[in-house]
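# Secondary and tertiary structure notes
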Amino acid sequence: MSVRRLAPEAVQPKEFAFTPANDDWANGQIAKYPKGREASAVIPLLWMAQEQAGGWLPQKAIEAVGRKLGMPYMRVFEIATFYTMFNLAPAGEHFVQVCGTVPCHLKGAREIIKVCEDKIGPQSTVSADGKLSWLEVECLGACCNAPMVQINYDYYEDLTPENFAALLDNLRAGKPVKTGPQVDRSCSEPLGGGETLKDKALYDGSAVGRGDWQARVKADREAAKKAAEAAEAAKAAAAAAPTQPPATPVLSSSAPAALTPATSTPAASRPVTGSQPTNASQDTPAAGGAAIKGATTAAEVRKDAADAGQSAAAVQAVSDADKPAMLNAPRGGAADDLCLIWGVGPILAKKLNGMGVYHFDQIAAWTPKELAWVDAHLEGFKGRAVRDSWVDQSKKLTTGWRPDSKLGERPKGR
């Protein structure tokens with residue numbers, strides 16, 4: 001690391017203060033940080049002080065920044081001498097930083113430095129006319145275009161002793177100069193022009209044997225659109241058709257086994273007929289205001305009613321702040337079949353739709369308080385949602401799983 005010291009006393013100005021415009025700008029930078037952390041603005045303030053001083057940081061400017069931020073002078077001095085972006089000695093109007101790292105060195109940085117010595121003078125000194133000064137620095141990150149220099153805020157690349165000498169002469173004379181590569185290439189493309197990514201087959205899919213990908217994507221989108229339209233039409237036709245309650249097969253324990261109708265439906269996919277009620281029966285309210293579903297005996301009915309009463313009492317404390325997010329209409333114009341939730345029949349599904357509940361993911365996202373709020377507002381079915389674990393059922397349904405029966409899957413313990 002090079003030794004960085006302040007400029008000699010002879011060149012140091014006696015005073016430094018921000019101009020009113022720069023002082024307002026500095027106040028804006030300080031305001032970006034919380035109270036007590038104003039020192040975080042030290043870098044931008046030092047940079048502005050360097051700009052105002054003509055490209056370098058006098059000692060008085062460093063002290064002024066310290067006073068502005070309430071920082072000890074030594075802390076600001078440490079920062080100013082650590083970062084090479086801050087010049088501690090006067091610089092010319094055009095400050096040339098020559099990259100001397102390995103790639104630039106191998107490509108002729110020594111010759112570029114020789115031009116600086118001939119045209120400007122010794123390193124870290126300003127030319128007699130005040131126009132130029134130069135400094136050798138570490139890597140400037142433009143190795144592909146080596147050798148290169150940075151002059152003030154611009155890069156000048158692909159230099160030769162000849163074009164660099166002409167560049168310095170033009171800067172000194174105030175003539176316009178070209179920034180970036182000094183040869184006929186754009187940015188960091190290969191010398192002589194880019195030779196890659198020119199094959200049109202790379203962009204139409206033929207290079208990987210897929211033909212014209214744009215035509216393929218267009219055809220896929222049209223097919224998907226037609227399929228969606230056909231599905232909407234089928235759904236609308238089904239909604240317009242009169243609803244027929246599903247026939248519930250009546251099984252008799254006294255009937256001979258030979259009289260049981262044969263079926264080719266696999267057992268795993270056949271609806272369960274003996275242990276589940278119909279959708280309509282799931283909408284039957286209990287005497288205590290709770291709905292009874294799946295209860296086939298008097299004891300089960302009494303137990304469900306008791307459970308529902310407890311749930312209803314538990315949800316009395318809910319407030320409107322616990323109301324879950326509702327929808328004005330089903331997303332995409334199609335609601336989920338909420339009857340696939342055990343405990344939800346057509347009437348309950350209609351009630352839920354009326355409240356703004358159309359989809360399994362809505363129910364799956366309810367918190368215990370939101371579930372309690374819904375339970376409390378299901379007139380005639382209070383306690384149903386909690387007791388039948390609607391949230392757990394809905395989480396399972398959102399994964400794409402579907403029960404064997406249209407009545408849903410009876411929760412364990414129910």
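Below is a short write-up of the structure. Just so you know, these numbers come straight off a predicted model, no measurement behind them.

Conventions used here
- Residues numbered from 1 in each chain as written.
- Predicted model: local features only at pLDDT ≥ 70, side-chain atom pairs only at ≥ 80, totals over all residues.
- Heavy atoms only, no water.
- Core = buried A, V, L, I, M, F, W, Y, C linked by side-chain atoms within 4.5 Å.
- Buried < 20%, exposed > 50% of the residue type's maximum accessible area, 1.4 Å probe, protein only.
- Helix = DSSP H or I, 4+ residues; strand = E, 2+ residues; numbered from the N terminus.
- Contact = heavy atoms within 4.5 Å.
- Axes fitted to C-alpha atoms, helices over the stretch in contact; angles between N-to-C directions.
- Parallel < 35°, antiparallel > 145°, perpendicular 65-115°, else oblique.
- Left-handed = near helix turned anticlockwise from the far one by under 90°.
- Nonpolar A, V, L, I, M, F, W, Y, C, P; charged D, E, K, R; others polar.
- Phe/Tyr/Trp six-rings, centres within 6.5 Å; stacked < 30°, edge-to-face > 60°.

Grouped together as the largest cluster of nonpolar side chains are 22 residues, with contacts concentrated most on V42, L46, L57, V65 and L69. Of all the secondary structure elements, the ones that give two or more residues to this core are α1 (20-30), α2 (42-52), α3 (59-69) and α4 (73-82). Setting aside residues no more than four positions away along its own chain, L69 makes contact with I30, E38, A39, A41, V42 and L45. Counting 21 residues, the second-largest nonpolar core is a separate cluster that includes L338, V344, L348 and A349.

This next bit is on the packing of α2 against α4. Relative to each other, α2 and α4 sit at 70°, their axes nearing to 11 Å. Overall, the two elements α2 and α4 adopt an arrangement that is roughly perpendicular. Between α2 and α4 the crossing geometry is right-handed. Together, V42, I43 and L46 of α2 and V76, I79 and A80 of α4 make up the contact between the two elements. A per-class count over the contact of α2 with α4 returns 6 nonpolar, no polar and no charged.

Under the defined criterion, the tally for this structure stands at 4 aromatic pairs. Judged by centre distance (6.2 Å) and plane angle (55°), the ring pair of W47 and Y153 falls under tilted. Of this pair, W47 sits in helix α2 while Y153 sits in the loop between β3 (149-151) and β4 (154-157), and the two are 106 residues apart along the sequence. A relative accessible area of 28% places W47 in the partly exposed class. The exposure class assigned to Y153 is exposed, which follows from its relative accessible area of 55%. A ring pair is formed by Y73 and F77, whose centres lie 5.9 Å apart and whose planes are at 40°; its orientation type is tilted.

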